[in-house]
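Residue-level listing of the chains:
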Amino acid sequence: AQRVTQPEKLLSVFKGAPVELKCNYSYSGSPELFWYVQYSRQRLQLLLRHISRESIKGFTADLNKGETSFHLKKPFAQEEDSAMYYCALSGIQGAQKLVFGQGTRLTINP
Amino acid sequence: EPEVTQTPSHQVTQMGQEVILRCVPISNHLYFYWYRQILGQKVEFLVSFYNNEISEKSEIFDDQFSVERPDGSNFTLKIRSTKLEDSAMYFCASSKGLKGYGYTFGSGTRLTVV
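The model shown is predicted, which means the values in this text are computed figures rather than measured ones.

### Details of the pairing of strand β5 (residues 43-50) of chain B
Residues and elements named next belong to chain B.
Link 1 in the chain: Counted residue by residue, β5 has six buried out of eight residues, so it is predominantly covered.
Link 2 in the chain: One ladder, built from seven bridges, connects strand β4 (residues 31-37) with β5; its direction is antiparallel. When the bridges of β5 are listed, Y31 appears paired with Y50.
Link 3 in the chain: Hairpin connection from β4 to β5: five residues lie between these consecutive antiparallel strands, with G40 at a positive phi of about 85°.
Link 4 in the chain: Connecting β5 to the next strand, strand β6 (residues 53-57), in antiparallel fashion are two residues, including N51 with a positive phi near 55°.

Below is the structure:
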């Protein structure tokens, strides 16, 4: 079964501190992993995907197949990073649907 | 930047009534989707649509749900007889291709069933 787990519903850190949002997945094959962000009253936006190994807004995420994890990290949090973050996976067997985690609400304190 | 447009942004309906949620996907996208998010819960896949037919649906998408692309631009989700538990945020999305790439989400329709 496809499953995405984000263990933290809420995460609060101070500005300038490192941030790590955890994501673990369960999938029998090799999924594609994504992080989506939703700022207040805005739509879901793609933040990054594992296949491109890019860094967006200072965030990075490394796929660890051994630990089935795809944690999102940023070395120095900024106030504008406050948002809801969703980890998601997509199977590669032709299915296009996204399976989302519960989401983590990140709050950056000044 | 192209957007997926959803209307209305908020709809209130009485239990048992039919509702139609509307979406205009990005024009050169081929795959269309509906997701829903009940308050406080995760975003859940409902249905995907490709080449004028449903390509995949979840167990949530039962006989009271239907989708249609009536005119080549709109993509609608109909709920025939709404229940209280249908109250949720409904997101439309579209993409160019497989593997979840290039997804663009709409801003959602908040459906409240009273």
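Right, picking up where we left off after that structure.
### A few points about the interface of chain B and chain A
Link 1 in the chain: Taken together, the contacts link 25 residues of chain B with 21 residues of chain A.
Link 2 in the chain: Buried area between chain B and chain A, both sides added, is near 1900 Å², and the carbon and sulfur share of it is 54%.
Link 3 in the chain: Note that E3(B) and R43(A) form a salt bridge whose closest N and O atoms lie 3.6 Å from each other.
Link 4 in the chain: The tally of links between chain B and chain A comes to six residue pairs in polar contact (both at pLDDT 80 or more).
Link 5 in the chain: Looking at the side of chain B that touches chain A, the elements with two or more residues in it are β4, β5 and β6 of chain B.
Link 6 in the chain: Looking at the side of chain B that touches chain A residue by residue, the classes come out as eleven nonpolar, ten polar and four charged.

### Digging into the sheet that holds strand β3 (residues 19-24) of chain B
Residues and elements named next belong to chain B.
Link 1 in the chain: Strand order in the open sheet formed by four strands is β1-β3-β8-β7, with antiparallel pairing between adjacent strands. Taken across any chain shown, the strands that pair with only one partner, and hence form the sheet edges, are β1 (5-7) and β7 (65-68). Taking the axes of each pair of neighbouring strands and ignoring which way they run, one obtains an average angle of 20° across the sheet.
Link 2 in the chain: Bridge count between β7 and strand β8 (residues 75-79): four bridges; the pairing is antiparallel. For F65, the partnering residue across the bridge sits in β8 and is I79.

Definitions and limits used
- Residues numbered from 1 in each chain as written.
- Chains lettered and ligands numbered in written order.
- Predicted model: local features only at pLDDT ≥ 70, side-chain atom pairs only at ≥ 80, totals over all residues.
- Heavy atoms only, no water.
- Buried < 20%, exposed > 50% of the residue type's maximum accessible area, 1.4 Å probe, protein only.
- Helix = DSSP H or I, 4+ residues; strand = E, 2+ residues; numbered from the N terminus.
- Pairing = 2+ DSSP bridges.
- Contact = heavy atoms within 4.5 Å.
- Buried area = accessible area lost by both parts, 1.4 Å probe.
- Salt bridge = Lys/Arg side-chain N within 4 Å of Asp/Glu carboxyl O.
- Polar contact = N/O pair within 3.5 Å; in protein donor to acceptor, adjacent residues only side chain to side chain.
- Nonpolar A, V, L, I, M, F, W, Y, C, P; charged D, E, K, R; others polar.
- Axes fitted to C-alpha atoms, helices over the stretch in contact; angles between N-to-C directions.

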